[in-house]
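Each chain is listed here by its residues.
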Amino acid sequence: MDTQMIVELVGYFASLLVLVSFLMTSVIKLRIVDSIGALIFAVYAVIIRSYPTALMNLALVGINMYYLYKIIKSPRRYAVITEEPGSASLAYFLKYYGEDIQKCFPGLAFEKSGMNAAYMVVHDTVPAGILLGRDHQDGNFEIFLDYATPQYRDCSVGEYLYAELGGRGIERISFPDVPAEHEEYLKKTGFVKEDGVYGKRLK
């Protein structure tokens with residue numbers, strides 16, 4: 001493989017990264033991947049001596065970094081709404097995001113025996129996540145579904161919600177039926193696996 005071909009492959013790879021970034025639903029991931037692609041594209045442009053293209057892509061990196069900084073530094077204004085398990089708003093949420101929920105939690109059935117608690121997290125007025133489960137009224141809460149919408153999958157919804165539950169008399173939450181895809185998230189948010197069940201103490 002000669003040098004010219006390697007340079008061309010770098011350009012194609014950078015273009016692919018920029019294209020893939022626009023397929024992402026998370027704004028944070030989009031800007032990170034787009035920045036990497038733009039940076040590689042800037043290097044490619046310098047190699048082929050297309051300096052205006054290099055400057056444009058470096059400017060894109062700077063813009064992405066600026067907005068990432070604003071997103072990270074700006075606290076999100078979350079609130080928790082207590083829902084009735086059979087409420088119309090909850091049913092609409094589950095229907096609207098039903099396909100994505102099934103992708104995240106394959107085979108999940110919403111009609112869980114004993115479900116008596118539902119919490120919806122909103123960012124300003126936008127639904128950001130949902131928690132369904134069974135409150136055993138002894139300080140223990142068993143989670144059936146812990147779902148964040150695609151735009152809010154940076155662990156912030158869960159961290160906020162768990163802190164709120166701790167202030168509502170719940171001492172421990174557990175997630176007994178966890179799909180493999182969800183395990184990494186639980187570990188990031190402080191859950192520990194014991195006897196095959198992921199649990200987290202809130203107090």
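Residues numbered from 1 in each chain as written. Predicted model: local features only at pLDDT ≥ 70, side-chain atom pairs only at ≥ 80, totals over all residues. Heavy atoms only, no water.

Asker: How would you explain the packing of helix 2 (residues 27–47) against helix 3 (residues 51–73) if you had to name every residue and give the values?
Answerer: At a minimum axis distance of 8 Å, the contact between helix 2 and helix 3 shows a crossing angle of 160°. The pairing of helix 2 with helix 3 is recorded here as roughly antiparallel in orientation. Between helix 2 and helix 3 lies a crossing whose hand is left-handed. The residues of helix 3 that touch helix 2, namely those facing Val-27, Ile-28, Arg-31, Ile-32, Asp-34, Ser-35, Ala-38, Leu-39, Phe-41, Ala-42, Ala-45 and Val-46, are Tyr-51, Thr-53, Ala-54, Asn-57, Leu-58, Leu-60, Val-61, Asn-64, Met-65, Tyr-67, Leu-68 and Ile-71. (Axes fitted to C-alpha atoms, helices over the stretch in contact; angles between N-to-C directions. Helix = DSSP H or I, 4+ residues; strand = E, 2+ residues; numbered from the N terminus. Parallel < 35°, antiparallel > 145°, perpendicular 65-115°, else oblique. Left-handed = near helix turned anticlockwise from the far one by under 90°. Contact = heavy atoms within 4.5 Å.)

Asker: Pulling in residues and values, what's your account of the side chain of Ser-174?
Answerer: When you line up the elements, Ser-174 lands in strand 5 (residues 172–175). Residue classification places Ser-174 among the buried positions, given a relative accessible area of 14%. Beyond its immediate stretch of four places on either side in the chain, Ser-174 contacts Phe-141, Glu-142, Ile-143, Val-197, Tyr-198 and Gly-199. (Buried < 20%, exposed > 50% of the residue type's maximum accessible area, 1.4 Å probe, protein only.)

Asker: Tell me about the pattern of salt bridges, and name the residues and values.
Answerer: Within the structure shown, the criterion is met by four salt bridges. Residues Glu-142 and Arg-134 are paired through a salt bridge, measuring 2.9 Å at the closest nitrogen-oxygen approach. In this structure, Glu-164 and Arg-168 form a salt bridge, with 3.8 Å as the shortest nitrogen-oxygen distance. Of the residues examined, Glu-164 reaches a relative accessible area of 28% and is grouped as partly exposed. With relative accessibility at 37%, the residue Arg-168 sits in the partly exposed group. (Salt bridge = Lys/Arg side-chain N within 4 Å of Asp/Glu carboxyl O.)

Asker: Pulling in residues and values, what's your account of the sheet that holds strand 4 (residues 140–148)?
Answerer: Judged by pairing direction, the sheet is mixed, and its seven strands sit side by side in the order 1-2-3-4-5-7-6 without closing on themselves. With partners counted over all chains shown, the strands left at the sheet margins are strand 1 (78–83) and strand 6 (192–194), one partner each. Across the sheet, the axes of successive neighbouring strands diverge by a mean angle of 35°, strand direction being ignored. Here strand 6 pairs with strand 7 (residues 197–201) via three bridges, running antiparallel. Within strand 7, the position partnered with Lys-193 by the bridge is Tyr-198. With respect to the sheet, helix 4 (residues 88–96) is in contact with strand 1, strand 2 (117–123), strand 3 (126–135) and strand 4, its orientation differing from that of strand 3 by roughly 110°. This element, helix 7 (residues 180–188), spans strand 4, strand 5, strand 6 and strand 7 of the sheet and lies at about 20° to strand 7. (Pairing = 2+ DSSP bridges.)

Asker: Quick one: what's the story with the nonpolar core, residue by residue and with numbers?
Answerer: Core analysis: the biggest nonpolar cluster contains 39 residues, and Tyr-119 and Leu-145 have the highest contact counts within it. Secondary structure elements with two or more residues in this core: strand 1, helix 4, strand 2, strand 3, strand 4, helix 6 (156–166), strand 5 and helix 7. By residue number, the principal contributor to this core is strand 2, which donates six residues. In contact with Tyr-119, not counting residues within four places along its chain, are Val-80, Ile-81, Thr-82, Gly-129, Ile-130, Leu-131, Phe-141, Leu-161, Leu-165, Arg-168 and Ile-170. (Core = buried A, V, L, I, M, F, W, Y, C linked by side-chain atoms within 4.5 Å.)

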